[in-house]
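Secondary and tertiary structure notes
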Amino acid sequence: MLPEVTKDELLYSHGNEPSTINKTGEWRFLTPKRSEKLSPCRHGCLLNGEIPAWMEAVKQEKWDEAWQIMSRYNPFPALTGYTCFHPCTEECNRGQLDQVIDIPAMERTVGQWRLDNYRSEVRPQKNTGRVAVVGSGPAGMSCAYYLNEDGYDVTVFEREKVTGGMFALGIPEYRLPRRVLKRELSLLEDRGIKFTTGCNIGSDIPLAELYADFDQVFLSTGAWKPRLSGIKGEKSRGVWNALEFLSRINKGEQVEVADPVIVIGGGNAAVDSARSALRLKGVNHVSLIYRRSRAEMPAGQVEVEAAEHEGVELICNSLPREINTGGQSVSSIIFDHCRTNREGLVVDKSRSFRKSCGTIIMALGQEVDYSLFDTLKKSAVIFAGGDLISGPATVPEAINAGRIAAMAIKARIEGLPAPVLFKNEQIPVGFEELNLEAKLNLQLQNKQEDPSDEASRCLGCGTCNSCGICYLFCPDMAVDPVAGRFELNMDYCKGCGICFKECPSRALVMEGGR
Amino acid sequence: MRIEEMNRESEMLYAGHNACPGCGAALSVRFLTRALGSNIAVVLTASCWSIIAGMPPLTALKCPILHCPFPSAGSVGSGVRRGLDAKGKHDTTVVVLAGDGGTFDIGLQALSGAAQRNEDYIFVCYDNEAYMNTGMQTSSATPFGARTNTAPYPLFKEGQKKDIMQIMAAHSIPYAATATVAFPEDLENKLKKAQEIKGFRFIHILSPCPPGWGTESGDTIHLSRLAVSTGFFPLYEIINGVSWKMTCMPEGKRVPLKEYLMGQRRFKQMEDIRVDALQEEVDHDWEMLMEKIGSS
Amino acid sequence: MAFEIMSGSQAAAVAVQRTGVDLVVAYPITPQTAIVETLANFDARGELGGEFVSVESEYAALACCYGAAAAGARVFTATASHGLAYMHEVIHWCSGARVPIVMANVNRTIGAPWCLDPDQGDSLSQRDTGWMQIYCSGAQEVLDTVMQAYLLSEELLLPCMVIFDGFYISHTYEAVDVPDKDTVRAFIGPPAFKAQVKPGSPANLHGLTTGDNQVKLIRNRHEAMLRAPDLFKTINSKFAETFGRSYGVIDSVIPRGAKTVILAAGATAETVRWSLPKLDNTGFIQLRMFRPFPREEICSVLETHGVEKVVVIDRNCSTGMGGIFAQELRSAVYDLKNPPAVQDIILAGGIDLTFEMLESIIKEDKYQGQVEQIWGVDLK
């Protein structure tokens, strides 16, 4: 009925074009940038593992990504998750807020995921070389893994019937479930690594022959020679050395043990022996006796507490003087009180006691058997690692040695310069440096059962762990969430510095200019 | 609030807007629009956001924005709500956005009228505590003792900050709440809660302004947090004008006000006697608030 | 035809109710209060159709109308005098925003000092705001004009004021032919103009713009308003068909040979119309549409009849200049080949116009010739 309204664009001021054509990034005179500082967990890790990086992957439940990151430095997270003493956790800054992140549990989760989901396929052989590894313990397994990863043809020689070295023989079932170890080893075999068991290099096959047959050899026979105390009666019947004792048990062999049991020593082997002995039928009382104080015990505190909890009697500051036998085997030991001062051990023979026993387990540590080296030429180039070189040390150090050896062997075979090892000299980010005001991702205060929730408690000290605070607080929409991570968008960033100020991990720096 | 689950699609604010670096108001509107969703209509009165909204043909928000004259925010909101209802758009949330000037001063009449009529929309005041868009002049929301460009040293803002929340409580509106940008989850929860209530809802958001307050642009969140932890700007809700509830309590004792003041140039030359007076006022207001919360 | 006795204010309210609006926003001020009260009564009886809300000031009232109209609703409010002055900012805003609004303004003097008498200065001081203005001379005209104003406003997307004198029209009762609701609704139709606020459609409405853009917007609305007279004629012819009454942008009665014409708007126009038979050789132009100023129509009438003098009744005075209608007319006739003389009768303050005053202006010698300004008080 009425004429049409004029369709004139200039009727009134209006617009619906997004303001995104306006590149406000041009306003900047300071620019935020990612900067990776050393996190304390990484600082403590003997494997130099990229813990915040894989922790972030765990948070996002990206198990494969977590495994990929872990395996750069540690191919056996399931095993280390159980056996490493985890210095990373001791340094964890979160402990200064509420509870440390349960890194071991996270490691086990990723490790177990890998064991459950990975179908290892035979690595394509690059025909670059054949390498022999002597000893199938942590160092040998690690070296074999990394060489195999690079396409080398690897054969592992093991003198025992079972593979795994210290994993299999030195560490009890209750600390490392055997099914986990078995699966780990089978994955290595699936990859094409050959294991020859029951073969003692040196006696069954001369070492020189290995050097002749293979392009390179890695020696990782560990430290198995028991250290002796030298006290009277040490060679009596009923006296075991700890490793022999544990080995037998872990191999499933019969072990004759008479109650009560006394374990002498303060390291992990001593504690393991005590706890293993307690689990044997017929053993009702186990004492663990150490010459220094409890605080000075080299064994992990968690292990010691567990032992006590299980009923092991702990006696400190006592040095064994003499072992007495009654009949065919041991009956008692005499101990003297001793303490440590600046000069060393001070023994007080006036304060001594006798303890009766049916079995004694000496856990005074191991030594390296260097006889294998006698068969080599003085000028030979030798690749060796693990306890064989360092003396009794730890699982992560052995694994690390294996990895580095693999790099070195590869370089040697391919005629490349020897790898340069980088040591991060940065000071790790301290707790007081973190900006915890936001506390948004700190709502989950205590240890969480769910791995993803637990991983979200990680503060990512010094590295970005995709907490998203920068994204949350950017007034200029200059942070983009991309596949679970957060990228700074320099087209729009005005350089206000809120992200820098608020980043809980202190993973950003402000640089001058655009 | 799981940040990892957030995505760009839920955000209503476009990049490329021309708010100052570190602008608290930009963050306030980002959070509140994200909380309310896309079915909203914004009424926007003269304030910094009139400019941040962009110059047509550009716009900075993914929803309709109706600009209106300075004093009229409360009234135009009433009109838009009724107009949308006449057109059958009952599900659209109407959000009226005003600065402190358009709420406390020139807009107070319209705010009061609309609140008294229990108009069915959400009135959001983003408060940067002065007329910032025109260059930092005093408003009744400016805190006691602050310097502005109409109260330059040795002058200072006399009189306390107007207690807009008590004014709103006196109107017995269904829902009033304070919020600030350092606590986005609290802010968004309040907006979501408000969205479900019918009648007049008022949200007062403290939005730090780096150029106006004389602070580093990167300190916006830090200051906003301090405002809460000193008790200067407590975070609470008022239901129906009678029931007061704290939503975000600072842990431990309240931080001394001086810590909050010292990072801001507008308080830099504040004489000790006035700092003390302001601390007393904050303490007193805190006690009164606690009483109201206690007896609710 | 259904006649009812009602005042001008009531007529305005009845027109709004017949038209069918979505929202009436009310604030009282003498002498328009009866408009909003009548609409409130409709609402009380459930006969309003739309919503009725009382707000806290005239400023709020027009702002509320703006918001609703921007959302696509048909709205109404009424004011006078101080109220109109108070909403001045929003009056500008509405025309710039191109929202259709119909507002009744009942003329009343703006103080200081307080005065209730009907000076037209209130509406005239809004003449530059971009609103259309139509002055009515009686209750029937008020009723009819309000209805037509909706069509005008919604087509041109410009707000429109319907203006009439306080007390003389607002409070005097006449017989008014009140059309039935269905006929009116069918004639006007529901509001069909496009909403600016559309949920789901991002739009930065009336945001900051530059002068370069602003001039285009100003020109656009200026040209839109210039279409009003022609559009009005179209509307009116259909109105006449439906309701049997017809109006022009101006209405004129000029006897053959009359060389003097009296021009008036509002209640005084009715006085002049009634006085005309007793004033020899004098013509009459009722100025109805004031914005846009109907220059063409007036000039055409004056030229056709060779008018030599126009006596303008101004119920207003722009201090320092004189009556506003006279000023506008002088400007409108300036370019004519033989522009008539313009004599300004200033009735400021709302004083009454009587037949005697008109007679004395037309007949007395002292008011012939080049006497430009005559104050009404001097005529009494």
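Here is a short report on the structure shown in this document. For every chain, the first residue of its written sequence is number 1, and the numbers climb from 1 along that sequence. All chains are assigned letters beginning at A, and all ligands numbers beginning at 1, according to the order in which they are written. In view of the model being predicted, local features appear only for residues whose pLDDT reaches at least 70, and side-chain atom pairs are presented and counted only at 80 or more, with totals across whole chains, interfaces and linings using the full set of residues. Values reported for side chains reflect all heavy atoms of the structure, with hydrogen atoms and water molecules removed beforehand.

1. Side note on the overall build of chain B
Where helices and strands are cited, they refer to DSSP runs of H or I of at least four residues and of E of at least two residues respectively, numbered from the N terminus. Of the regular secondary structure elements, chain B holds 11 helices and 9 strands. For chain B, the C-alpha atoms occupy an extent of roughly 60 × 45 × 40 Å along the three principal directions. The rule is simple: take the accessible area with a 1.4 Å probe, protein chains only, and divide by the maximum for that residue type; under 20% is buried, over 50% is exposed, in between is partly exposed. The burial tally for chain B puts 64% of its 296 residues in the buried class. By definition in these notes, contact holds between two residues if any of their heavy atoms fall within 4.5 Å. When contacts within chain B are restricted to residue pairs at least 6 apart in sequence, those whose partners lie at least 24 apart make up 71%. Surface exposure here means Shrake-Rupley accessible area, sampled with a 1.4 Å probe, where a residue is shielded only by the protein chains that are shown. Here chain B has roughly 10200 Å² of accessible surface; of this, 53% comes from carbon and sulfur atoms. Charge centroids of chain B, computed over 29 positive and 32 negative side chains, lie 5 Å from each other. When charges are counted, Lys and Arg are positive and Asp and Glu negative, with His and the chain ends excluded. For charged residues, the charge sits on one atom: NZ in Lys, CZ in Arg, CG in Asp, CD in Glu.

2. Some remarks on the sheet that holds strand E1 (residues 40-45) of chain B
Strands pair, by our definition, only if DSSP identifies at least two bridges between them. If you trace the 9 strands from one edge of the open sheet to the other, you get E9(B)-E8(B)-E6(B)-E7(B)-E5(B)-E4(B)-E1(B)-E3(B)-E9(C), paired in mixed fashion. The open sheet has two free edges, formed respectively by strand E9 (243-248) of chain B together with strand E9 (203-205) of chain C, since each of these has just one partner strand. Going from strand to strand, the sheet's axes swing by 20° on average, the running direction of each strand aside. Sheet contacts for helix H3 (residues 73-86) of chain B: E1, strand E3 (64-68), strand E4 (93-98) and strand E5 (122-127) of chain B; angle to E4 of chain B, the most-contacted strand, approximately 165°. Axes here mean lines fitted to C-alpha atoms, for a helix over just the part in contact, with angles spanning 0 to 180 degrees between N-to-C directions.

3. Concerning the interface of chain A and chain B
Contacts between chain A and chain B engage 41 residues on the former and 40 residues on the latter. Here the buried area means the combined drop in accessible surface, using a 1.4 Å probe, for two parts upon being joined, counting both sides. Of the roughly 3400 Å² buried at the junction of chain A and chain B (both faces included), carbon and sulfur atoms supply 57%. Contact with chain B buries surface across chain A, with Tyr-471, Leu-472 and Met-477 of chain A losing the most and accounting together for 19% of the total. In what follows, salt bridge is the name for a side-chain nitrogen of Lys or Arg lying within 4 Å of a carboxyl oxygen of Asp or Glu. In this structure, the connection of chain A to chain B is made through 3 salt bridges. Among the secondary structure elements, those contributing two or more residues to the side of chain A that touches chain B are strand E1 (17-18), helix H17 (451-455), helix H18 (469-473), strand E18 (479-482) and helix H19 (498-502) of chain A. Top contributing element to the side of chain A that touches chain B by residue count: H18 of chain A, with 4 residues.

4. Examining the pairing of strand E7 (residues 201-206) of chain B
Successive residues of a regular strand alternate their side chains across the two faces of the sheet. Residues and elements named next belong to chain B. Taken across its 6 residues, E7 has 6 buried, putting it largely inside the fold. Burial along E7 is two-sided: Arg-201, Ile-203 and Ile-205 and Phe-202, His-204 and Leu-206, pointing in opposite directions, are all buried. Both E5 and E7 contribute to a ladder of 6 bridges, which runs parallel. Bridging from a neighbouring strand, Ile-122 pairs with Arg-201 of E7. Where strand E6 (residues 175-180) meets E7, 6 bridges bridge the pair, whose relative direction is parallel. When the sheet's bridge partners are listed, Ala-179 is paired in E7 with Ile-205. Crossover handedness for the path E6 to helix H7 (residues 184-195) to E7: right-handed. By convention a crossover is right-handed if, when the strands point away from the viewer, the path from the first strand over the helix to the second runs clockwise.

5. Topic: the sheet that holds strand E15 (residues 341-346) of chain C
Residue and element names in this part refer to chain C. Strand order in this open sheet of 6 strands is E10-E12-E11-E14-E15-E16, and the pairing throughout is mixed. Across the chains shown, the open sheet's two edge strands, defined by having one partner strand only, are strand E10 (250-253) and strand E16 (373-375). Each strand of the sheet is rotated relative to its neighbour by a mean of 20°, with strand direction disregarded. In this structure, strand E14 (residues 309-314) lies alongside E15, joined through 6 bridges in parallel fashion. Note that in E15 the partner of Val-310 across the bridge is Val-342. Each of E10, strand E11 (260-264), strand E12 (282-287) and E14 is contacted by helix H12 (residues 295-304), which is oriented at about 10° to E10, the strand it contacts most.

6. Some words on the nonpolar core
As used in this record, nonpolar core signifies buried Ala, Val, Leu, Ile, Met, Phe, Trp, Tyr and Cys residues forming a set joined through side-chain atoms within 4.5 Å. Formed by 98 residues in total, the largest nonpolar core has its most connected members in Phe-123, Phe-200 and Phe-202 of chain B together with Leu-62, Ile-101 and Leu-287 of chain C. Tallying contributions element by element places helix H3 (residues 58-70) of chain C first for this core, with 11 residues. When sequence neighbours within four positions are dropped, the list of residues in contact with Phe-200 of chain B reads Leu-111, Ala-114, Ala-115, Asn-118, Glu-119, Tyr-121, Phe-123, Met-168, Ile-173, Pro-174 and Tyr-175 of chain B. Of all hydrophobic cores here, the second largest spans 87 residues; its members include Cys-464 and Cys-496 of chain A together with Ala-60 and Cys-248 of chain B.

7. Some remarks on the environment of Glu-241 of chain C
Residues and elements named next belong to chain C. As for its placement among the helices and strands, Glu-241 is situated in helix H10 (residues 228-243). Overall, the relative accessible area of 70% leaves Glu-241 in the exposed class. As a C-alpha pair, Glu-241 and Asp-117 span 124 residues in sequence and 37 Å in three-dimensional space.

8. Observations regarding a nonpolar patch on the surface
Side chains of Ile-51 and Met-55 of chain B together with Leu-208 of chain C sit close together on the surface and give an oily, nonpolar patch of about 220 Å² of accessible area. Within the fold, Leu-208 of chain C resides in the loop between E9 and helix H9 (211-226). Candidate patch residues must exceed 30% relative accessible area and have no salt bridge, after which like charges are joined if within 9 Å and Val, Leu, Ile, Met, Phe, Trp or Tyr side chains if within 5 Å.

9. Here we look at the interface of chain C and chain B
Opposite the 38 residues of chain C that make contact, chain B presents 39 residues. With both chains or domains summed, chain C and chain B bury close to 2900 Å², and 65% of this area falls on carbon and sulfur atoms. It is Glu-56, Asn-204 and Leu-208 of chain C in chain C that bury the most area against chain B; as a group they hold 22% of the surface buried on that side. The tally of links between chain C and chain B comes to 2 salt bridges. With its nearest N and O atoms 2.4 Å apart, the salt bridge here joins Arg-82 of chain B to Glu-51 of chain C.

10. Some words on the pattern of salt bridges
For the coordinates displayed, the defined rule picks out 64 salt bridges over all chains. Where Glu-244 of chain A meets Arg-248 of chain A, a salt bridge forms, and the shortest distance between an N and an O atom there is 3.4 Å. Of this pair, Glu-244 of chain A and Arg-248 of chain A both sit in helix H11 (residues 242-251), 4 residues apart, which is roughly one turn of that helix. Classification of Arg-248 of chain A as partly exposed rests on a relative accessible area of 28%. Here Asp-219 of chain B makes a salt bridge to Lys-501 of chain A, at a shortest N to O gap of 2.2 Å. One end of the pair, Asp-219 of chain B, is in the loop between helix H8 (210-213) and helix H9 (220-229); the other, Lys-501 of chain A, is in helix H19, on a second chain.

11. Some points on the packing of helix H1 (residues 8-19) of chain C against helix H2 (residues 33-44) of chain C
Residues and elements named next belong to chain C. Interaxial distance between H1 and H2 falls to 8 Å at its minimum, and their mutual angle equals 40°. Overall, the two elements H1 and H2 adopt an arrangement that is oblique. Note on packing geometry: the crossing formed by H1 with H2 is right-handed. Seen from H1, the contacting residues are Ser-9, Gln-10, Ala-12, Ala-13, Val-14, Val-16 and Gln-17; seen from H2, they are Ala-34, Ile-35, Thr-38, Leu-39 and Phe-42. Residue classes follow a fixed rule: Ala, Val, Leu, Ile, Met, Phe, Trp, Tyr, Cys and Pro count as nonpolar, while Asp, Glu, Lys and Arg count as charged, and any other residue, Gly among them, counts as polar. Taken together, the residues of the contact of H1 with H2 sort by class into 8 nonpolar, 4 polar and no charged. Roughly parallel means an angle under 35 degrees; roughly antiparallel means over 145; roughly perpendicular covers 65 to 115; every other angle is labelled oblique. Take the far helix as your reference; a near helix turned counterclockwise from it by less than a right angle gives a left-handed crossing, and one turned clockwise gives a right-handed crossing.

No statement about biological role is implied by the geometric values presented.
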